Protein chains: 6
Amino acid sequence: MYELGVVYRNIRRADPDVAARLGAFGAATVHEAMGRLGLMKPYMRPVYAGAQASGTAVTVLLHPGDNWMLHVAAEHIRPGDIVVAAVTAECADGYFGDLLATSFKARGANGLVIDGGVRDARVLTEMKFPVWSKAISAKGTVKATLGSVNIPVVCAGALITPGDVIVADDDGVVVVPQALAQKTLEAAAAREANEGEKRAKLAAGVLGLDMYNMREPLQKAGLKYID
Amino acid sequence: MYELGVVYRNIRRADPDVAARLGAFGAATVHEAMGRLGLMKPYMRPVYAGAQASGTAVTVLLHPGDNWMLHVAAEHIRPGDIVVAAVTAECADGYFGDLLATSFKARGANGLVIDGGVRDARVLTEMKFPVWSKAISAKGTVKATLGSVNIPVVCAGALITPGDVIVADDDGVVVVPQALAQKTLEAAAAREANEGEKRAKLAAGVLGLDMYNMREPLQKAGLKYID
Amino acid sequence: MYELGVVYRNIRRADPDVAARLGAFGAATVHEAMGRLGLMKPYMRPVYAGAQASGTAVTVLLHPGDNWMLHVAAEHIRPGDIVVAAVTAECADGYFGDLLATSFKARGANGLVIDGGVRDARVLTEMKFPVWSKAISAKGTVKATLGSVNIPVVCAGALITPGDVIVADDDGVVVVPQALAQKTLEAAAAREANEGEKRAKLAAGVLGLDMYNMREPLQKAGLKYID
Amino acid sequence: MYELGVVYRNIRRADPDVAARLGAFGAATVHEAMGRLGLMKPYMRPVYAGAQASGTAVTVLLHPGDNWMLHVAAEHIRPGDIVVAAVTAECADGYFGDLLATSFKARGANGLVIDGGVRDARVLTEMKFPVWSKAISAKGTVKATLGSVNIPVVCAGALITPGDVIVADDDGVVVVPQALAQKTLEAAAAREANEGEKRAKLAAGVLGLDMYNMREPLQKAGLKYID
Amino acid sequence: MYELGVVYRNIRRADPDVAARLGAFGAATVHEAMGRLGLMKPYMRPVYAGAQASGTAVTVLLHPGDNWMLHVAAEHIRPGDIVVAAVTAECADGYFGDLLATSFKARGANGLVIDGGVRDARVLTEMKFPVWSKAISAKGTVKATLGSVNIPVVCAGALITPGDVIVADDDGVVVVPQALAQKTLEAAAAREANEGEKRAKLAAGVLGLDMYNMREPLQKAGLKYID
Amino acid sequence: MYELGVVYRNIRRADPDVAARLGAFGAATVHEAMGRLGLMKPYMRPVYAGAQASGTAVTVLLHPGDNWMLHVAAEHIRPGDIVVAAVTAECADGYFGDLLATSFKARGANGLVIDGGVRDARVLTEMKFPVWSKAISAKGTVKATLGSVNIPVVCAGALITPGDVIVADDDGVVVVPQALAQKTLEAAAAREANEGEKRAKLAAGVLGLDMYNMREPLQKAGLKYID
């Protein structure tokens, strides 16, 4: 399934501007714009509330309890990337901490998404380096076994191809395949176009029932009101 | 078990003043005052730390991945209500986000309790609209199948009858049946009456062992001290 | 396995100064310095983000749904202690709240670590009394059955002997056996000695690959770069 | 929410013949016939594969780690009943074992459904006394605190009123409210009426696509076939 | 990420003979032969103990609570296939039961692997139709939303491309990409070649320490024996 | 906390006859006889239903994903031992399969208890080599890092000292400290002495209420009967 021991140096990345603009819409809107696909499992949580990031994926495949390949990946980060790390078995050790965060940040990474644990949570919070992970754990890791960098990986139930767009915030992590990025951006923009107007109406007390014309379909579906 | 496709328009609500005063005691005290009953399962967590709410229950029964009935429920919210949403199967999709929150707030809702997921967590936090849920997930839902509004529901292991009092904070969500609301309020007040005095004693270094006269029962139970 | 119904009044504590200095290194560093041992399971989380504590362990064995022995333990707390509570079966009720926290604080406790639930989360946060627990739950407990104080206990997968050093923060809870405290302190200090220098290099864009001389071992392990 | 310390001696039970005939259809068919409602959460598993039971519910409310009320309930079992036990908090101790099973069987019980743990799994299997539970655990319980018998309870996410029909097998546990038992029986019978014919067709290689006339709706929904 | 509403009719399948021979080695050996990759998460369990199957993958993408596409997939099953079903969100409803099993069997399917629930567990066991699933649940599903057939899917953490080899037994489910099937078969055969000899030695009391020449590496690693 | 890289060759074992006789009582009775202590967490399940074993503990400390020390432990097994394996972090890989089982059996082991995964479940079942584990997984492990043999370990929440008695069956795994083995045996025998008589009474329809004289304490506790 996975190719082990390889690093792909030249990957084609999605347009960074598209990635940034998708990020501005947030995970929920982008996920809707994708047809409700591409969301990682909801156990992926930000290390600190309010974290937001988007970027192009540099992927890493790790072995359980071994973070060697995160160091290899660092060399291949370009400004605007988000590192996405999968692990070949479930293991919530702390693969990533403040030193790697310092390095990733210096290389221009916009964040990390890892289907495992991280540590130095307080420092990551202070640094405002956004990380989405499955767990927080002080348990360190070794550097002993080769994984790979920039191969397609499965992370938290989603398939990520290097260069795909990642959009992550408090609501979770969404993957937008490179080929769909532009189209998804347009769909997201269309969704948001009249959100402000809708919000104003709802805030004024207009019901969604009326705003979305739901009364007729509800009646057709057989809804009964009982006084 | 459940009546599907119905909306009860006229429910009898607990006294809103009693609901507000119960809320001031908080979930832990009210739960004690209920004889340690009525607590939802502890997987129900507030979307933001420090959330507090109380009110009278408007109940909703949803189908997995379908939030249609939340829109129907909005029309039946009165100021001081808390919407309590159950789902007919376990599904942690994001049934509720910032638009519905805007609408619920405009209708006067004090909060939402949902045995499923919600999204737009950051906006909910900024709006200070208190929500207790099982998960946070960007995954949206459809509007396709009829559930019900204001029927008795089981939510996170607790039975809620429309009009019951809900008290929720960082410690969880407690349901006070309407018929027990006044009595529970009195019991909660009695519990709290000398809490300040107790706190002062304990803060001064007095031991609970002495303040609660536990030394004799401990000795009778056979506790041995070894030097 | 456990001795029930006993309180050991005189325990030998680790050097409080060593405990304090270990605390300054944090859980992740101390855990590494221990040879990656002694960490409680990662389900142990602080009640509020940013909590930090270290101290010498006063241990308590509780029965499910019964917090009687926490009151007994209070009498045996000395300034600088951390209370570590194990439960004889899995039960996430709220064994500890603001009154006990007031008492523990007055006795000089630096915090609580409990393989169960706690309540009054908001007040604990306001008091800045640091607590690590498995759950937050409004559910109260009874005072009916004898456990023990200051016997060796298993808490969240770790063995704690009374007087051991506990180091806890956002990354989890580490136990340092008394006999290893001084040696662990030295190992932690050695680890940290050149962290500042490393951080500066990484922040300047130096790669871990070069700083840690990983290129040669990676090549030996067979890593292939593909352009 | 719950009335504590009471035993309702005279409950109205669903027709035992209807209960037996519902049992013959099995949990999956009955659940469909109910409109896909009334199913307990899927963590409820039979102690031995192939267990099957149906009957009228005698309900019990237990406290965590306390099985006293199961003894009280035994007196109120009539032939054809199934005991349904809820617990006021999550606790997977072993509340029920071979002695209680012997007693329940002697009283004519058809089985036990418990939102907690049981023990003596091997003997229960040998006795062929069917039990659905959340866990198997050797941990025994005390007899100290009053719960209730034959009050409405919430068990594994479902509401059970005494006298309701319970249908349980390898697929889970379904609750049929007494008032709906006859109607559900008819719906189940209707569902099953042509199942044999359908099965024969499918076994002969006829596709569900054709048997259920799905080709047109699939086309309308936009399904594309790609060669 | 996924293409929705499409059915690929012509997929290239791995050599059925290779699939059968891989199946004979079992999941554990094949997983080792793959370099310890390609295993689905261990929550995937057989419906009955002792189930064994191998074959070529026909993939299906389902929506939560909707099994429509399983009917579509049935038409595309060829003898020797195993259906692998992914779901776009976590939902443990019972998507598959005895009627679909009858149909799949009639089409020549060797089994089903589904990242969701199934029902009619007793009948599946009697039919000896092998199924690996995440849950058993009586909860039925609707037929309302288009997914896809024979697109690449992520199922229980593994990526499956249509036509890949699936090997499943009590130890779990392994995916062998079509391109690696022959090579994996050879590696599995090599692993097993002298297993019989090894087993005989171990059965005669020879230690793995000696048979695998571990004593020297253990000594080098610093193992100390204490009498 | 743990001593790494050591093997204690000479441990003092509990009396094998006492271990065998404790085993005959089963986990539930022995756990009661211990005062309801010493039970491992209920996630520890037998690989096949009906498994039963008892013996003296040979302990092993493993690193996640590494089974090297199980080979080292094999040399130190004496007839009548049960190997108890702890892992320094949560990792459900398959550390143990048919070859190690053949070796352990040849050395006279009565079974294995492991806080991790095992594989070759079908062969273990055929061999009737009893194993209690946290998971079943085809995922193999490496042999790279030193743990220890015959040091005290924490396994599934229980503390095991080498030589302690282990009693395991379908109900779980109980640890009896060596020093308490004889006393626990007597307590277990006393508990069982009149079980046959009790069972006969209950089978004849006598109620536990009467047999255990519970009516008076129930009345004192305030139980109310309502007709």
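Everything here concerns the structure above.
Report on the accompanying structure. (Residues numbered from 1 in each chain as written. Chains lettered and ligands numbered in written order. Predicted model: local features only at pLDDT ≥ 70, side-chain atom pairs only at ≥ 80, totals over all residues. Heavy atoms only, no water.)

### Observations concerning the overall build of chain A
- A tally of helices and strands in chain A yields eight helices and twelve strands.
- By principal-axis analysis of the C-alpha atoms, chain A measures approximately 70 × 35 × 35 Å.
- Residues classed as buried in chain A amount to 63% of the 227 residues present.
- Put simply, of all contacts in chain A between residues at least 6 apart along the chain, 76% involve residues at least 24 apart.
- Of the roughly 7,700 Å² of accessible surface on chain A, a fraction of 50% belongs to carbon and sulfur atoms.
- The distance from the centre of the 24 positive side-chain charges to the centre of the 24 negative ones in chain A is 1 Å. (Helix = DSSP H or I, 4+ residues; strand = E, 2+ residues; numbered from the N terminus. Buried < 20%, exposed > 50% of the residue type's maximum accessible area, 1.4 Å probe, protein only. Contact = heavy atoms within 4.5 Å. Areas by Shrake-Rupley, 256 points an atom, 1.4 Å probe, with all protein chains shown as cover. Lys, Arg positive; Asp, Glu negative; His and termini not counted. Charge placed at Lys NZ, Arg CZ, Asp CG, Glu CD.)

### Focus: the interface of chain B and chain C
- Contact residues are listed per partner, giving 34 residues for chain B and 34 residues for chain C.
- For the pair chain B and chain C, the two sides together bury roughly 3,000 Å², of which 61% comes from carbon and sulfur.
- Counting every contact that joins chain B to chain C gives four salt bridges.
- Run the count over chain B and chain C and you get 13 residue pairs in polar contact (both at pLDDT 80 or more).
- Put simply, the parts of the chain that give the side of chain B that touches chain C at least two residues each are α1 (16-33), α6 (195-203), α7 (208-211), α8 (215-221) and β12 (224-226) of chain B.
- It is α6 of chain B that provides the largest number of residues to the side of chain B that touches chain C, a total of five residues.
- Counted by class, the side of chain B that touches chain C contains 17 nonpolar, six polar and eleven charged residues. (Buried area = accessible area lost by both parts, 1.4 Å probe. Salt bridge = Lys/Arg side-chain N within 4 Å of Asp/Glu carboxyl O. Polar contact = N/O pair within 3.5 Å; in protein donor to acceptor, adjacent residues only side chain to side chain. Nonpolar A, V, L, I, M, F, W, Y, C, P; charged D, E, K, R; others polar.)

### With respect to the relation of the copies chain C and chain A
- At an RMSD of 0.0 Å, chain C and chain A line up after a rotation of 120° and a shift of 0.0 Å along the axis. Viewed as a symmetry operation, the transformation between the two copies matches a three-fold axis. Distance from the rotation axis, computed per C-alpha, reaches its smallest value in chain C at Ala49 of chain C: 5.9 Å. (Least-squares fit on C-alpha atoms with pLDDT ≥ 70 in both.)

### Here's the deal with the packing of aromatic side chains
Residues and elements named next belong to chain C.
- Under the definition given, this model contains twelve aromatic pairs over all chains.
- Centroid distance Phe96 to Phe129: 6.0 Å. Interplanar angle 25°. Geometry classified as stacked. With Phe96 in the loop between β4 (81-87) and α3 (98-106) and Phe129 in the loop between α4 (121-127) and β6 (131-136), this pair connects stretches of sequence that are 33 residues apart. Like Phe96, the residue Phe129 is buried in the burial classification. (Phe/Tyr/Trp six-rings, centres within 6.5 Å; stacked < 30°, edge-to-face > 60°.)

### Observations regarding the pairing of strand β4 (residues 81-87) of chain D
All names here are of chain D.
- Counting buried residues in β4 gives seven out of seven residues, a clear majority hidden from the surface.
- Residue alternation in β4 divides its side chains into two sets, Asp81, Val83, Ala85 and Val87 and Ile82, Val84 and Ala86, and both sets are buried.
- The pairing of strand β3 (residues 53-62) with β4 spans seven bridges and is parallel. Its bridge partner lying in β4, Thr56 is registered against Asp81.
- Inspection of the sheet shows β4 paired to strand β5 (residues 111-118) by four bridges, in the parallel sense. Residue pairing for β5: Val84 is matched across the bridge by Val113.
- Handedness of the crossover joining β4 and β5 through helix α3 (residues 98-106) is recorded here as right-handed. (Pairing = 2+ DSSP bridges. Right-handed = clockwise from strand over helix to strand, strands pointing away.)

### Here we look at the environment of Met211 of chain A
All names here are of chain A.
- Note on placement: Met211 falls in helix α7 (residues 208-211).
- Judged by its relative accessible area of 18%, Met211 is buried.
- Remark: the alpha-carbon pair of Met211 and Lys198, spanning 13 residues in sequence, is separated by 8.0 Å.
- Not counting the four nearest positions on each side in its chain, Met211 is found in contact with Lys198, Lys201, Leu202 and Val206.

### Describing the pattern of salt bridges
- Using the criterion set out here, one finds 84 salt bridges over all chains in the structure.
- Among the salt bridges present, the one from Arg122 of chain A reaches Glu126 of chain A, with a minimum N-O distance of 2.9 Å. One end of the pair, Arg122 of chain A, and the other, Glu126 of chain A, are both in helix α4 (residues 121-127), four residues apart, so they sit about a helical turn from each other.
- A salt bridge links Asp98 of chain C to Arg199 of chain B, with the shortest nitrogen-to-oxygen separation between them at 2.7 Å.

### Focus: the interface of chain C and chain A
- Chain C puts 34 residues into the contact, and the matching count from chain A is 34 residues.
- Taking both partners together, chain C and chain A bury about 3,000 Å²; carbon and sulfur atoms supply 61% of that area.
- At the junction of chain C and chain A, the tally comes to four salt bridges.
- Summed over the shared surface of chain C and chain A, the result is 13 residue pairs in polar contact (both at pLDDT 80 or more).
- Going through the elements one at a time, α1 (16-33), α6 (195-203), α7 (208-211), α8 (215-221) and β12 (224-226) of chain C are the ones with two or more residues in the side of chain C that touches chain A.
- When residues of the side of chain C that touches chain A are assigned to their parent elements, the largest contribution, five residues, is made by α6 of chain C.

### Quick notes on the side chain of Thr141 of chain B
- Within the secondary structure, Thr141 of chain B sits in the loop between β6 (131-136) and β7 (148-149).
- Overall, Thr141 of chain B belongs to the buried group, its relative accessible area being 8%.
- Looking at Thr141 of chain B, its side chain comes within polar contact range of the side chain of Asn67 of chain B, at 3.5 Å.
- Once you skip the residues sitting within four places of it in the chain, Thr141 of chain B turns out to touch Glu32 and Arg36 of chain A together with Gly65, Asp66, Asn67, Asp93, Gly94 and Tyr95 of chain B.

### Some remarks on the environment of Thr56 of chain B
Residue and element names in this part refer to chain B.
- Structurally, the position occupied by Thr56 is in strand β3 (residues 53-62).
- Taking C-alpha positions, Thr56 is 9.7 Å from Ile77, a pair spaced 21 residues apart along the chain.
- Discounting residues that sit within four places of it in the chain, Thr56 has contacts with Arg13, Ala14, Ala19, Gly80, Asp81, Ile82, Gly163 and Asp164.

### Let's talk about the arrangement of the chains
- With no contact between them, chain C and chain E keep their nearest C-alpha atoms 15 Å apart.
- For the non-touching pair chain B and chain F, the nearest C-alpha separation works out to 15 Å.

### Considering helix α3 (residues 98-107) of chain B
- Burial runs high along α3 of chain B: seven of the ten residues are buried.
- Turning to α3 of chain B, its buried residues number three or more, namely Asp98, Leu99, Leu100, Ala101, Thr102, Ser103 and Phe104 of chain B.
- The elements touched by buried residues of α3 of chain B are α6 (195-203) of chain A together with α2 (68-74), β4 (81-87), β5 (111-118) and α4 (121-127) of chain B.
- Residue Gly108 of chain B follows α3 of chain B closely and has a positive phi angle near 100°.

### A few points about the pairing of strand β10 (residues 165-169) of chain C
Residue and element names in this part refer to chain C.
- Among the five residues of β10, five are classified as buried, and the element is accordingly described as predominantly covered.
- The alternating pattern of β10 places Val165, Val167 and Asp169 and Ile166 and Ala168 on opposite faces, both of which are buried.
- With four bridges connecting them, strand β3 (residues 53-62) and β10 associate as antiparallel partners. When the sheet's bridge partners are listed, Thr56 is paired in β10 with Val165.
- Bridge analysis of β10 against strand β11 (residues 172-176) gives five bridges, and the strand direction is antiparallel. When the sheet's bridge partners are listed, Val167 is paired in β11 with Val174.
- Counting the residues between successive antiparallel strands, the hairpin from β10 to β11 contains two residues.

### Observations regarding the packing of α6 of chain A against α3 of chain B
- Running from amino to carboxyl end, α6 of chain A crosses α3 of chain B at an angle of 20°, the nearest separation of the two axes being 8 Å. Between α6 of chain A and α3 of chain B, the crossing angle belongs to the class labelled roughly parallel. Classified by chirality, the crossing of α3 of chain B by α6 of chain A is right-handed. The residues of α3 of chain B that touch α6 of chain A, namely those facing Glu195, Lys198, Arg199, Leu202 and Ala203 of chain A, are Asp98, Leu99, Thr102, Ser103 and Ala106 of chain B.
- Within the contact of α6 of chain A with α3 of chain B, the residues separate by chemical class into four nonpolar, two polar and four charged. (Axes fitted to C-alpha atoms, helices over the stretch in contact; angles between N-to-C directions. Parallel < 35°, antiparallel > 145°, perpendicular 65-115°, else oblique. Left-handed = near helix turned anticlockwise from the far one by under 90°.)

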